[in-house]
Amino acid sequence: MLNGTIKVWNQDQGWGFVSGNDGEDYFFNIKNLRSGQHVSIGSKVKFDTEETHKGPQAVNVTLY
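Model, not experiment: these values are computed from the prediction.

Asker: An account of the overall build of the chain is needed here, citing residue identities and associated values.
Answerer: Each helix and strand in the chain was counted, giving zero helices and five strands. In summary, the chain has a C-alpha radius of gyration of 10 Å against a globular reference of 11 Å for 64 residues, a match within 12%. Along the first, second and third principal axes, the C-alpha set of the chain runs to 25 × 20 × 20 Å. With 64 residues in all, the chain has 33% of them scored as buried. Intrachain contacts of the chain at a sequence separation of at least 6 include 45% that bridge at least 24 residues. Roughly 4,000 Å² of accessible area belongs to the chain as shown, and the carbon and sulfur atoms make up 46% of that amount.

Asker: Break down the nonpolar core for me, citing the residues and quoting the values.
Answerer: Counting residues in each nonpolar core, the largest one holds 11 residues, listed as Ile6, Trp9, Val18, Tyr26, Phe28, Leu33, Val39, Val45, Phe47, Ala58 and Val61. At the level of elements, strand 1 (2-10), strand 3 (25-29), strand 4 (44-52) and strand 5 (55-63) are the ones that each hand at least two residues to this core. Not counting the four nearest positions on each side in its chain, Tyr26 is found in contact with Leu2, Gly16, Phe17, Val18, Gly20, Phe47, Thr49, Pro56, Gln57 and Ala58.

Asker: Before we move on, could you go through the pattern of salt bridges and cite the residues and values that matter?
Answerer: Opposite charge on two side chains lets them pair, provided their charged atoms get close. Overall, the coordinates contain one salt bridge when judged by the stated rule. For Lys7, the salt bridge goes to Asp25, with nearest N and O atoms at 2.6 Å. Pair noted here: Lys7 is in strand 1 and Asp25 is in strand 3, with a separation of 18 residues, a long-range link.

Asker: Give me the packing of aromatic side chains: which residues, what numbers.
Answerer: Under the criterion given, the structure shown has four aromatic pairs. Aromatic side chains Phe17 and Phe27 sit 5.7 Å apart centroid to centroid with 75° between the ring planes, which places their arrangement in the edge-to-face category. Remark: Phe27 occurs in strand 3 and Phe17 occurs in strand 2 (residues 15-20); sequence separation between them is 10 residues. The exposure class assigned to Phe27 is partly exposed, which follows from its relative accessible area of 29%.

The rules behind the values
Residues numbered from 1 in each chain as written. Predicted model: local features only at pLDDT ≥ 70, side-chain atom pairs only at ≥ 80, totals over all residues. Heavy atoms only, no water. Helix = DSSP H or I, 4+ residues; strand = E, 2+ residues; numbered from the N terminus. Rg over C-alpha atoms; globule rule 2.2 N^0.38 Å. Buried < 20%, exposed > 50% of the residue type's maximum accessible area, 1.4 Å probe, protein only. Contact = heavy atoms within 4.5 Å. Areas by Shrake-Rupley, 256 points an atom, 1.4 Å probe, with all protein chains shown as cover. Core = buried A, V, L, I, M, F, W, Y, C linked by side-chain atoms within 4.5 Å. Salt bridge = Lys/Arg side-chain N within 4 Å of Asp/Glu carboxyl O. Phe/Tyr/Trp six-rings, centres within 6.5 Å; stacked < 30°, edge-to-face > 60°.

So this is what it looks like as structure tokens:
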């Protein structure tokens, strides 16, 4: 698991970007956010990554 910070979060459309501690930015969709979690810009999160046809994506995003 990687650690990071929510860099962009569009609540209305349900997507955002996590800035990982590895220096990379990862796209995530609300479906990749653990159930019951509510994030905002600046929230500290941990997450796994998954390679998609659009590039790496954050999955299993959860607050810590």
